[in-house]
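A structural walkthrough
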Amino acid sequence: RHTRLQGDWSSDVCSSDLNEKFTINGINIAEVEGIILNRWGAEIFRWETMQGGWDGRTFAGDKSPEGTYFYIIKVRVKDTDNFLEPFTGTVTLLR
C-alpha cells in the first residue's frame with residue numbers, strides 16, 4: 001500500500017490565514033502523531049489528529065522564537081496495526 005506524506009509550513013505572512021501551520025497531509029493514513037522539538041531536543045508541542053498541526057506555539061500557548069525546530073511524524077497506514085518508521089526533519093520558524 002502506498003503512503004505519501006507532505007508537510008506544509010510557513011510563518012505568519014501578512015497576517016493571512018494561509019501557511020500559518022505545519023500540518024501533515026497524506027493518503028491511506030489512519031492515525032498520525034506529530035512531535036515538535038526545540039534545538040535542545042525538548043518536546044515543545046505534540047498533536048495526534050490529521051486536523052492538528054503546529055502553529056509555532058508551545059504547549060502553554062506562548063509564541064516560539066524564530067529558529068530551526070525538529071519534527072518527528074509517526075503514521076499508521078489504514079488496514080495495519082503498526083506505525084511506519086518515523087519521518088523526521090527540520091522546520092524553520094520565521095515571524
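First things first, this report covers the structure right here in the doc. (Residues numbered from 1 in each chain as written. Predicted model: local features only at pLDDT ≥ 70, side-chain atom pairs only at ≥ 80, totals over all residues. Heavy atoms only, no water.)

Describing the pattern of salt bridges
The test is simple: We define a salt bridge as a contact between a side-chain nitrogen of Lys or Arg and a carboxyl oxygen of Asp or Glu at a distance within 4 Å. Labels follow the DSSP assignment, with helices taken as runs of H or I lasting at least four residues and strands as runs of E lasting at least two, numbered in each case from the N terminus. Note on exposure labels: buried denotes an accessible area under 20% of the residue type's maximum, exposed denotes more than 50%, and partly exposed covers the range between, all computed with a 1.4 Å probe on protein chains only.
Scanning the entire structure with this criterion turns up four salt bridges. A salt bridge links Lys-74 to Glu-33, with the nearest nitrogen and oxygen atoms 4.0 Å apart. Note that Lys-74 is positioned in strand β5 (residues 67-77) and Glu-33 in strand β3 (residues 29-37), a separation of 41 residues in sequence. Owing to a relative accessible area of 28%, Lys-74 belongs among the partly exposed residues under this scheme. Glu-33 gets classed as buried once you look at its relative accessible area, which sits at 14%. The closest approach of N and O atoms between Glu-43 and Arg-46, which form a salt bridge, is 2.8 Å. A cluster of three or more residues bridged by salt bridges with shared partners is formed by Glu-33, Glu-43, Arg-46 and Lys-74.

Side note on the packing of aromatic side chains
For clarity, the cut-off: Whether two aromatic rings pair depends on their centres lying within 6.5 Å, for rings of Phe, Tyr and Trp, where Trp uses its six-membered ring; planes under 30 degrees apart make the pair stacked, over 60 edge-to-face, and the rest tilted.
Counting across every chain of the model gives five aromatic pairs. Summarising the aromatic geometry, the rings of Phe-22 and Tyr-71 are spaced 5.1 Å apart at their centres and angled 40° between planes, so their arrangement reads as tilted. Taken together, the residues Phe-22 in the loop between β1 (5-8) and β2 (23-26) and Tyr-71 in strand β5 connect sequence positions 49 residues apart. Judged by relative accessible area, which is 5%, Phe-22 ranks as buried. Three or more aromatic residues joined by ring pairs make a cluster, and in this case those are Phe-22, Phe-45, Trp-47, Phe-59 and Tyr-71.

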